[in-house]
Amino acid sequence: MAPLPEKVLSLADIVSLTFRRFRLYYKLYFKTLFWPAFFCSLASHIAYLSLQHWVSIAATSLLAATPFILHMGVSLLSMVVWFFSAWELCLRSCALVRAVLCLDPTYKDSFNILKKRSGTVFFACNLALLPPALCLIFWAIVIVAAAAALNVALGGSERVAFGAVVFAIIGFALTISVMISGLFGSLLLAIVTLEQLSFIESFKRTWLLVSLRMMRGGSFTSLLAVAIALVCVVIESPMIILHVFEQASHASIKLSQTPYLIDLLEIALEVPFNIFTFSISFTAYGLFYRDLKLRLEGADLLARLARLERLAKSNID
């Protein structure tokens, strides 16, 4: 692996370095993550199609038990496959971060290290999703309550004008809170991945770092989200165009009668989509945590002092 710059970076430089590392080692990313990403996409689509097909025949089958059990069994089995594939995708992505950040000689070494700590990584992966999910639920309740209050208290043009201000404030607060809560979970996963700490120690360290650099971390999360979203739009653009074309002209060319072709195309595009999003997001937060260590703890200076100490000992010997 090419060495990383031993200096503090701006937020834009961290995002740029993340994309550069992905471009340099895209073959390793795709080779490592292809099969978990493929089975994730395949299993999720099979589960969805099974439920969709049962809904379409539910009326004609008079809710018979046999079709219901068959379709639910296929969906349940698909979700089990999806769960284990998603877990493998997360674990391999974490191992890739260690390898790309030059913590271990090879990816295999990184994977073996994290496999021994799979329980800690599993809890961190799940907890990373919890803060933004709770934040979204909270703001959804606030939005519904605000809409109901405006509907009762005001009417006509006053409701529109006042509602625009209220929902603009809510939208701004929602964005900030989701970015910061997402930062906490992602940074926790990065610390669990890169440090040999227990889950409790990793949680405390995450809380400390987020509290010290909350606005910088929230800004980094926003910048990274925008960068990933722009690339994902490019990846998904063929399916977006196809769906628009189908809705506009299916009456003449009857694309809607070949839904499985569209599903196959969606699976084919979802695989690179999953590989890209997992690779970029996991690597980015690993680099962001490394930058925090350089800024707050002088990790680069400590590493240089350690090298000088080893050199001095070797000269004495």
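Keep in mind that what you see is a predicted model, and the values were worked out from it rather than measured. (Residues numbered from 1 in each chain as written. Predicted model: local features only at pLDDT ≥ 70, side-chain atom pairs only at ≥ 80, totals over all residues. Heavy atoms only, no water.)

**With respect to the overall build of the protein**
Summing up its helical and strand segments, the protein has ten helices and zero strands in all. Ordered by position in the sequence, the α and β elements of the protein form the string α-α-α-α-α-α-α-α-α-α. Out of the 317 residues in the protein, the part that is buried amounts to 38%. In the protein, the share of contacts with a sequence separation of at least 24, taken over all contacts with a separation of at least 6, comes to 75%. Accessible area for the protein stands at about 17,900 Å²; split by element, carbon and sulfur atoms hold 73% of it. (Helix = DSSP H or I, 4+ residues; strand = E, 2+ residues; numbered from the N terminus. Buried < 20%, exposed > 50% of the residue type's maximum accessible area, 1.4 Å probe, protein only. Contact = heavy atoms within 4.5 Å. Areas by Shrake-Rupley, 256 points an atom, 1.4 Å probe, with all protein chains shown as cover.)

**Thoughts on the nonpolar core**
Ranked by size, the top nonpolar core spans 56 residues in total, and within it Val-121, Leu-187, Phe-220 and Phe-288 carry the most contacts. In terms of residue count, the dominant contributor to this core is helix 9 (residues 259-297) (eleven residues). With residues near it in sequence (within four places) discarded, Phe-288 still touches Leu-11, Ile-14, Leu-183, Leu-187, Arg-216, Gly-217 and Phe-220. Counting residues in hydrophobic clusters, the runner-up holds seven residues, among them Cys-135, Trp-139, Ile-170 and Val-178. (Core = buried A, V, L, I, M, F, W, Y, C linked by side-chain atoms within 4.5 Å.)

**Thoughts on the packing of helix 3 (residues 65-100) against helix 5 (residues 118-153)**
Between helix 3 and helix 5, whose axes approach to 11 Å, the crossing angle comes to 105°. Judged by the angle between their axes, helix 3 and helix 5 are roughly perpendicular. Contact residues: Phe-83, Trp-87, Cys-90, Leu-91 and Cys-94 in helix 3; Ser-118, Val-121, Phe-122 and Cys-125 in helix 5. Partitioned by chemical class, the residues of the contact of helix 3 with helix 5 number eight nonpolar, one polar and no charged. (Axes fitted to C-alpha atoms, helices over the stretch in contact; angles between N-to-C directions. Parallel < 35°, antiparallel > 145°, perpendicular 65-115°, else oblique. Nonpolar A, V, L, I, M, F, W, Y, C, P; charged D, E, K, R; others polar.)

**Looking at helix 5**
In an α-helix, one full turn covers 3.6 residues, which means residues spaced three or four apart are oriented alike. With 36 residues, helix 5 extends 53 Å from end C-alpha to end C-alpha; this agrees with the ideal 52 Å at 1.5 Å per step. Within the sequence span of helix 5, burial applies to Val-121, Ala-124, Cys-125, Ala-128, Pro-132, Cys-135, Trp-139, Ala-146 and Leu-150. (Expected span 1.5 Å × (residues − 1).)

**A closer look at the side chain of Thr-283**
Relative to the helices and strands, Thr-283 is located in helix 9. Judged by its relative accessible area of 1%, Thr-283 is buried. A polar side-chain atom of Thr-283 sits 2.7 Å from the main-chain carbonyl oxygen of Ser-279. Excluding residues that lie within four positions of it along the chain, Thr-283 makes contacts with Thr-18, Tyr-29, Val-97, Val-100 and Leu-101. (Polar contact = N/O pair within 3.5 Å; in protein donor to acceptor, adjacent residues only side chain to side chain.)

**What to know about the packing of aromatic side chains**
The full count for this structure, using the stated rule, is 22 aromatic pairs. Aromatic pair Tyr-107 and Phe-111: ring centres 6.0 Å apart, planes at 35°, arrangement tilted. Highlighted residues: Tyr-107 and Phe-111, both in helix 4 (residues 107-116), separated by four residues, approximately one helical turn. A single burial state applies to Tyr-107 and to Phe-111, both of which are buried. Here the aromatic rings of Phe-138 and Trp-139 are separated by 5.1 Å at their centres, their planes lie at 75°, and the arrangement is edge-to-face. Owing to a relative accessible area of 14%, Trp-139 belongs among the buried residues under this scheme. Through successive ring pairs, a cluster of aromatic residues spans Phe-83, Phe-84, Trp-87, Phe-122, Phe-123 and Phe-199. (Phe/Tyr/Trp six-rings, centres within 6.5 Å; stacked < 30°, edge-to-face > 60°.)

**What to know about the environment of Ala-128**
In this structure, Ala-128 sits in helix 5. Considering only alpha carbons, one finds Ala-128 and Leu-189, 61 residues apart in sequence, at a separation of 6.8 Å. If sequence neighbours within four positions are ignored, Ala-128 has contacts with Gly-185 and Ser-186.

**Some points on a nonpolar patch on the surface**
On the surface, Leu-76, Met-79, Val-80, Trp-82, Phe-83, Phe-84, Phe-122 and Phe-123 cluster together into a nonpolar patch covering about 790 Å² of accessible area. For the nonpolar patch, the leading source of residues is helix 3, giving six residues. Of the residues examined, Met-79 reaches a relative accessible area of 41% and is grouped as partly exposed. (Patch = residues over 30% accessible without salt bridge, like charges linked within 9 Å, V, L, I, M, F, W, Y side chains within 5 Å. Salt bridge = Lys/Arg side-chain N within 4 Å of Asp/Glu carboxyl O.)

**Looking at the environment of Asp-109**
With respect to the helices and strands, Asp-109 occurs in helix 4. Note on Asp-109: relative accessible area 31%, which makes it partly exposed. Residues Asp-109 and Ala-95, spaced 14 residues apart in sequence, show a C-alpha to C-alpha distance of 8.5 Å. Here Thr-106 takes part through its side chain, which lies 2.9 Å from a polar atom of the side chain of Asp-109.

**What about unusual backbone geometry?**
The phi dihedral of Cys-102 falls on the positive side, at around 65°, and the residue is not glycine. The residue Cys-102 is located in the loop between helix 3 and helix 4 in this model. For Cys-102, a relative accessible area of 34% puts it in the partly exposed group.

**A few points about the pattern of salt bridges**
Counted according to the given criterion, the structure contains six salt bridges. For Glu-195, the salt bridge is made with Lys-293, and the minimal N-O distance between the two is 3.0 Å. Here Glu-195, found in the loop between helix 6 (156-194) and helix 7 (199-212), pairs with Lys-293, found in helix 9; they are 98 residues apart in sequence, far enough to count as distant. Its salt-bridge partner being Arg-216, residue Asp-291 comes within 3.2 Å of it at the nearest N-O pair.

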